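Residue-level structural notes
Okay, here's what each chain looks like letter by letter:
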Number of protein chains: 2
Amino acid sequence: METQIMNQIITKDQLLTHWQGHRTLSRRTLEKFPEKELFEFSIGGMRSYADLVKEMLAIAAPSAKGLETGKWEPLDEDKKDLKTKEDLLQAWDHATEVINGAWKNVPDEIFQKKVVAFGQYESTGYGLIAYAIENEVHHRGQGYVYLRALGIEPPFFWERE
Amino acid sequence: METQIMNQIITKDQLLTHWQGHRTLSRRTLEKFPEKELFEFSIGGMRSYADLVKEMLAIAAPSAKGLETGKWEPLDEDKKDLKTKEDLLQAWDHATEVINGAWKNVPDEIFQKKVVAFGQYESTGYGLIAYAIENEVHHRGQGYVYLRALGIEPPFFWERE
């Protein structure tokens, strides 16, 4: 077991922990937004942070489920039913559970295999999870600028628990 | 070899390619800034994009060298000698070479081992490279907001070559 881990750059379990650590920070960032500004504030014609969170939600749990099952629905970033901060937080927590549940059944070998996520984005399994994480980091970083512009201090970048 | 790769979430070579792909996008983002705004523009009291790029430079090549040699200097984000966009681009390209050169000698097992980066940040070797990548993605995302606020279209997030 020790040898097996030492031969890995990162293990499947570590990748989940790393991902959920980022998701915890993204949730904390979401919590920092005042209700109104979450849905209305933006800079330079960009999307509101609520819309960026909806994109994160559209990618995260469906990616874990897709790697688990090999089945993909088209990407759904619209999520018209998520109308309040509380709606977004509840959807976030639900996604956390879905990811943890799916992860156990994600096959070890999928990370090096080709996947066509959401029926259109070709990558490896690892590439997909990296995309999910990094796309979230990218948009969360933008959320930090929104918060600073609103005079609100964002969470510490290294806080993941 | 094939079996070895299939047992990996990501290989050492793939991690380098992934990292340098991000660095290529960050370089392209840097190129989009007009000279003056690169050093002077910011939102909400944040640092200029030049300062964020200096932080990326302070982390990237020294992290690869540190994993290679086990030796660490304190983090140097100041970089007072980098005064123009051309200076930053040249430093960027130099770092790219340093990382590629160091990577060959980075021991396979370091990614699961404890490192104390820059003499003070404790993580695994993988955790350190993930931090380097994700901290860059985070700040580059902020650079995208600066560009949008300046009326400049940022590069596509998925362009990595």
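Residues numbered from 1 in each chain as written. Chains lettered and ligands numbered in written order. Predicted model: local features only at pLDDT ≥ 70, side-chain atom pairs only at ≥ 80, totals over all residues. Heavy atoms only, no water.

Filter applied, for reference: UniProt positions are given in the numbering used here, feature names are shortened, and annotations may be inferred rather than shown by experiment.
Here chain A is described in UniProt, under the heading Sequence similarities (unreviewed entry), as follows: "Belongs to the DinB family."

Some points on the relation of the copies chain B and chain A
Note the cut-off: Copy-to-copy alignment: least squares on C-alpha atoms, limited to residues at pLDDT 70 or above in both. Working rule for contacts: check all heavy atoms of both residues, and any pair within 4.5 Å makes them a contact.
The two copies are related by a screw operation: chain B maps onto chain A through 180 degrees of rotation and 0.0 Å of translation along the axis, at an RMSD of 0.0 Å. The symmetry that links the two subunits is that of a two-fold axis. Counting the interface residues of chain B, we find that 100% of their copies in chain A are interface residues as well, pointing to one common contact surface.

As for the interface of chain B and chain A
Going by this rule: Defined in terms of a 1.4 Å probe, buried area is the accessible area two parts forfeit on being brought together, summed over both. Here, a salt bridge means any Lys or Arg side-chain nitrogen found within 4 Å of an Asp or Glu carboxyl oxygen. Here a polar contact is taken to be a pair of N or O atoms separated by no more than 3.5 Å, where protein atoms must pair a possible hydrogen donor with a possible acceptor and residues adjacent in sequence count only if both atoms sit in side chains. We count a stretch as a helix when DSSP gives it H or I for four or more residues in a row; a strand needs E for two or more, and each element gets its number in order from the N terminus. Note on residue classes: Ala, Val, Leu, Ile, Met, Phe, Trp, Tyr, Cys and Pro are nonpolar, Asp, Glu, Lys and Arg are charged, and everything else, Gly too, is polar.
The interface is formed by 37 residues belonging to chain B together with 37 residues belonging to chain A. Across the chain B to chain A interface the summed buried area is about 3300 Å²; carbon plus sulfur atoms make up 67%. Taken as a group, Ile9(B), Gln112(B) and Glu134(B) account for 24% of the area that chain B buries against chain A, more than any other trio of residues on that side. Put simply, chain B and chain A have 0 salt bridges between them. Inspection of the chain B/chain A interface yields 13 residue pairs in polar contact (both at pLDDT 80 or more). At the level of elements, helix H1 (2-6), helix H2 (12-32) and helix H6 (125-149) of chain B are the ones that each hand at least two residues to the side of chain B that touches chain A. Among the elements that make up the side of chain B that touches chain A, the one with the highest residue count is H6(B) (15 residues). Here the side of chain B that touches chain A is composed, by residue class, of 18 nonpolar, 12 polar and 7 charged.

As for the pattern of salt bridges
Residues and elements named next belong to chain A. Let me state the cut-off plainly: Categorising residues by exposure relies on relative accessible area from a 1.4 Å probe, with only protein chains included: less than 20% of the type maximum marks a residue as buried, more than 50% marks it as exposed, and the intermediate range marks it as partly exposed.
What the rule picks out here adds up to 22 salt bridges over all chains. One salt bridge connects Glu159 with Arg28, and the closest N-O pair in it is separated by 3.7 Å. Of this pair, Glu159 sits in the segment after helix H6 (125-149) while Arg28 sits in helix H2 (residues 12-32), and the two are 131 residues apart along the sequence. Glu159 gets classed as partly exposed once you look at its relative accessible area, which sits at 32%. Counted as one network, the salt bridges with shared partners bring together Arg27, Glu31 and Asp93.

What to know about the side chain of Glu136(A)
All names here are of chain A. How we decide: Two residue types count as positive, namely Lys and Arg, and two as negative, namely Asp and Glu; His and chain ends fall outside the count.
Position of Glu136 among the secondary structure elements: in helix H6. Buried charge without a salt bridge: Glu136, with Arg23 as the nearest opposite-charge side chain at an N-O distance of 4.4 Å. Not counting residues up to four positions away in its chain, the partners in contact with Glu136 are His22, Arg23, Ser26, Met56, Trp92 and Tyr131.

Quick notes on the layout of surface pockets
To keep it simple, the criterion reads: A cavity here means a set of points on a 1 Å grid, drawn over the protein atoms and nothing else, where a 1.4 Å probe fits but cannot get out; a pocket is an open set with protein on both sides within 12 Å along at least five of seven lines, and a residue lines either one if it has an atom within 4 Å of a point. Grid points are joined across faces, edges and corners, and a volume is the space filled by probe spheres set on the points.
In this structure, the largest pocket encloses a volume near 1200 Å³. Every residue lining the largest pocket is counted, 45 residues in all, and those nearest its centre are Tyr131(A), Asn135(A), Phe157(B), Trp158(B) and Arg160(B). Mapped onto the lining of the largest pocket, the elements with two or more residues apiece are helix H4 (49-69), strand E2 (121-124) and H6 of chain A together with H2 and H6 of chain B. If you tally residues by element for the lining of the largest pocket, the top one is H6(A), at 10 residues. Taken together, 28 residues form the lining of the second largest pocket, with Arg160(A), Glu122(B), Ser123(B), Gly127(B) and Tyr131(B) sitting closest to its centre. If you list the elements that add at least two residues to the lining of the second largest pocket, you get H2 of chain A together with helix H4 (49-69), strand E2 (121-124) and H6 of chain B. With 6 residues, H6(B) is the largest single contributor of residues to the lining of the second largest pocket.

Digging into the packing of H4(B) against H6(B)
Residues and elements named next belong to chain B. The condition is simple: Axis lines are fitted through C-alpha atoms, for helices just across the contact stretch, and the angle between N-to-C directions can take any value from 0 to 180 degrees. Any angle that is under 35 degrees is reported as roughly parallel, and any over 145 degrees as roughly antiparallel; angles of 65 to 115 degrees are reported as roughly perpendicular and all others as oblique. The hand of a helix crossing depends on one turn: near helix anticlockwise from the far one by less than a right angle means left-handed, and clockwise means right-handed.
Running from amino to carboxyl end, H4 crosses H6 at an angle of 165 degrees, the nearest separation of the two axes being 10 Å. With respect to their mutual orientation, H4 and H6 come out roughly antiparallel. Along this stretch, H4 crosses H6, giving a crossing that reads as left-handed. Residue-level inspection shows Tyr49, Leu52, Glu55, Met56, Ile59, Ser63 and Leu67 of H4 in contact with H6, the latter providing Gly125, Leu128, Ile129, Tyr131, Ala132, Asn135, Glu136, His139, Arg140, Gln142, Gly143 and Tyr146.

Notes on the environment of Tyr126(B)
In this structure, Tyr126(B) sits in helix H6. Separated by 15 residues in the primary sequence, Tyr126(B) and Phe111(B) have C-alpha atoms spaced 4.4 Å apart. With residues near it in sequence (within four places) discarded, Tyr126(B) still touches Ile9(A), Ile10(A), Tyr126(A), Leu15(B) and Phe111(B).

Some points on H4(A)
An α-helical turn contains 3.6 residues, so a residue and the one three or four places further along point in the same direction. We count it as follows: Expected helix span is computed as 1.5 Å times (number of residues minus one).
End to end, H4(A) covers 30 Å across 21 residues, agreeing with the expected 30 Å (1.5 Å per residue, within 8%). Judged by how many residues are buried, H4(A) sits mostly within the fold: 16 of 21 residues are covered.

Digging into the side chain of Arg23(A)
Structurally, the position occupied by Arg23(A) is in helix H2. For Arg23(A), the residues in contact, after removing those within four places along its chain, are Ala60(A), Trp92(A), Ala95(A), Thr96(A), Ile99(A) and Glu136(A).

A word on the nonpolar core
For the record, the criterion: Among the buried residues, those of types Ala, Val, Leu, Ile, Met, Phe, Trp, Tyr and Cys that are joined through side-chain atoms within 4.5 Å form a nonpolar core.
Phe111(A) and Phe111(B) are the most contacted members of the largest nonpolar core, which has 98 residues in total. Setting aside residues no more than four positions away along its own chain, Phe111(B) makes contact with Gln8(A), Ile9(A), Lys12(B), Leu15(B), Leu67(B), Trp103(B), Val106(B), Thr124(B), Gly125(B), Tyr126(B) and Ile129(B).

Some remarks on unusual backbone geometry
Even without being a glycine, Phe118(A) presents a positive backbone phi close to 55 degrees. Locating Phe118(A) in the fold gives a position in the loop between strand E1 (114-117) and E2. What makes Phe118(A) buried here is its relative accessible area of 8%. Phi angles above zero are rare outside glycine, and Lys79(B) is one such case at about 45 degrees. By the element assignment, Lys79(B) lies in the loop between H4 and helix H5 (85-103).

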